[in-house]
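The residues making up each chain are set out below.
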Amino acid sequence: MIDIKTQNKWDRFSFGYNLMVATGAEKRWGPTKKAVFSRMGEDKKILFMALGTGLDIELFPHHRDITAIDISPKMAERAKPCVDAYQGNIDVQIMDVHDMPFEDNSFDQVFTACTFCSVPDPVNGLRSLLRVLKPGGELNMFEHTGSSHFPMNVMMKMMSPISSMIGPAMDRDTVSNVKQAGFKITRVENIYMDVVRTISAVAPE
Ligand SMILES: C[S@@+](CC[C@H](N)C(=O)[O-])C[C@H]1O[C@@H](n2cnc3c(N)ncnc32)[C@H](O)[C@@H]1O
């Protein structure tokens, strides 16, 4: 079942999303995201969670076979020109990560970008990704997380209830959530303090 409250929130945010993200400070993360996505394997079954308005697509390597999901039809509708322009195959499906109809062990790799600050129940969402990944399959993430440093941690905790009403939460401990979901962490890289991070993990064999 789709979480309608979350779907409505992201449908509403879809109108201003590109203006806020594509032209703002977020643009600077392009090279890091591109490096993460460069791990998309040519012969791999890839799940991209969550597509948003498709801003990440221009950073994907060409000629990959990608299944991309998102809970918001309006975000995905905005992604259509980028999906159509992609030199490769992207199959877009509207679904909630908590309730994916894919069989167990369906994918070799999962990629996320700025996603697990947005999923309401991150540990269960990550468990769902673990279920659809093959044993030994890879999770590659680019994520905004909460900080462990004062005063950033306090500020982010205070801002999070407000930011999550319209968009993402700001205080997620995504590394710990990935571990709690049952993944084995292989690498964490801090891109900006401990707030913007890349996280790599594998599904246990
Ligand atoms: C901050 S946006 C990131 C989009 C894109 N990856 C980017 O970096 O521009 C978060 C996305 O997560 C999606 N999302 C939130 N909760 C979800 C869920 N439970 N299942 C699937 N997608 C979800 C939202 O619709 C939104 O498109």
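A. Just the overall build of the chain, in detail. The helix and strand tally for the chain stands at six helices and seven strands. Counting from the amino terminus, helix and strand elements in the chain follow one another as α-α-β-β-α-β-β-α-β-α-α-β-β. Seen along its three principal axes, the alpha-carbon backbone of the chain occupies a region of about 45 × 40 × 35 Å. Evaluated residue by residue, the chain yields a buried proportion of 51% over its 205 residues.

B. Examining the site of the ligand more closely. Lining the immediate surroundings of the ligand are 21 residues, of which Tyr17, Asp56, Asp70, Asp96 and Ala113 lie closest. Between an oxygen atom of the ligand and a side-chain N or O atom of Lys33, the distance comes to 3.1 Å. One nitrogen or oxygen atom from the side chain of Asp56 is found 2.9 Å from a nitrogen atom belonging to the ligand. Coverage of the ligand by the protein chains reaches 98% of its 590 Å² of free accessible surface. Here the shell around the ligand takes three residues from helix α1 (residues 4-22), the largest share from any one element. The residue makeup of the shell around the ligand, split by class, is 12 nonpolar, five polar and four charged.

C. Region of the structure containing the sheet that holds strand β7 (residues 196-202). One open sheet holds the seven strands; their spatial order is β3-β2-β1-β4-β5-β7-β6, and the pairing between them is mixed. For this open sheet the edge positions go to β3 (89-94) and β6 (184-192), each flanked by a neighbour on one side alone. Going across the sheet, the axis of each strand differs from the next one's by a mean of 15°, ignoring polarity. Strand direction decides the pairing type here: strand β4 (residues 107-113) and strand β5 (residues 133-144), joined by six bridges, are parallel. In the strand pairing of β5, Ala113 is matched with Phe142. Against the sheet, helix α3 (residues 73-85) makes contact with β2 (65-70) and β3, and its axis sits at roughly 170° relative to β3, the strand it touches most.

D. Expanded view of a nonpolar patch on the surface. Judged by side-chain polarity, Phe150, Val154 and Met158 come together as a nonpolar surface patch covering roughly 360 Å² of accessible area. Relative to the helices and strands, Met158 is located in helix α5 (residues 152-166). Taking the relative accessible area as the measure of exposure, Met158 reaches 60% and is therefore exposed.

E. Fine view of the packing of α1 against α3. Two elements in contact, α1 and α3, have axes separated by 7 Å at closest approach and are oriented at 35°. For the pair formed by α1 and α3, the contact residues are Gln7, Trp10, Asp11, Ser14, Phe15 and Tyr17 on the first element and Pro73, Lys74, Met75 and Arg78 on the second. Per-class residue counts for the contact of α1 with α3 are five nonpolar, two polar and three charged.

F. Spotlight on the side chain of Lys33. The topology assignment puts Lys33 in helix α2 (residues 30-37). Residue Lys33 is classed as buried on the basis of its relative accessible area, which comes to 11%.

G. Main features of the pattern of salt bridges. Going through the model one piece at a time under the given rule, you end up with six salt bridges. Here Asp56 ties to Lys33 by a salt bridge, and the two come within 2.7 Å at their closest N and O atoms. A residue pair is termed long-range when its members are at least 10 positions apart, and Asp56 in the loop between β1 (46-49) and β2 and Lys33 in helix α2 qualify at 23 residues. Overall, Asp56 belongs to the buried group, its relative accessible area being 7%.

Calculation criteria
Residues numbered from 1 in each chain as written. Predicted model: local features only at pLDDT ≥ 70, side-chain atom pairs only at ≥ 80, totals over all residues. Heavy atoms only, no water. Helix = DSSP H or I, 4+ residues; strand = E, 2+ residues; numbered from the N terminus. Buried < 20%, exposed > 50% of the residue type's maximum accessible area, 1.4 Å probe, protein only. Near = heavy atom within 4 Å. Polar contact = N/O pair within 3.5 Å; in protein donor to acceptor, adjacent residues only side chain to side chain. Areas by Shrake-Rupley, 256 points an atom, 1.4 Å probe, with all protein chains shown as cover. Nonpolar A, V, L, I, M, F, W, Y, C, P; charged D, E, K, R; others polar. Pairing = 2+ DSSP bridges. Axes fitted to C-alpha atoms, helices over the stretch in contact; angles between N-to-C directions. Contact = heavy atoms within 4.5 Å. Patch = residues over 30% accessible without salt bridge, like charges linked within 9 Å, V, L, I, M, F, W, Y side chains within 5 Å. Salt bridge = Lys/Arg side-chain N within 4 Å of Asp/Glu carboxyl O.

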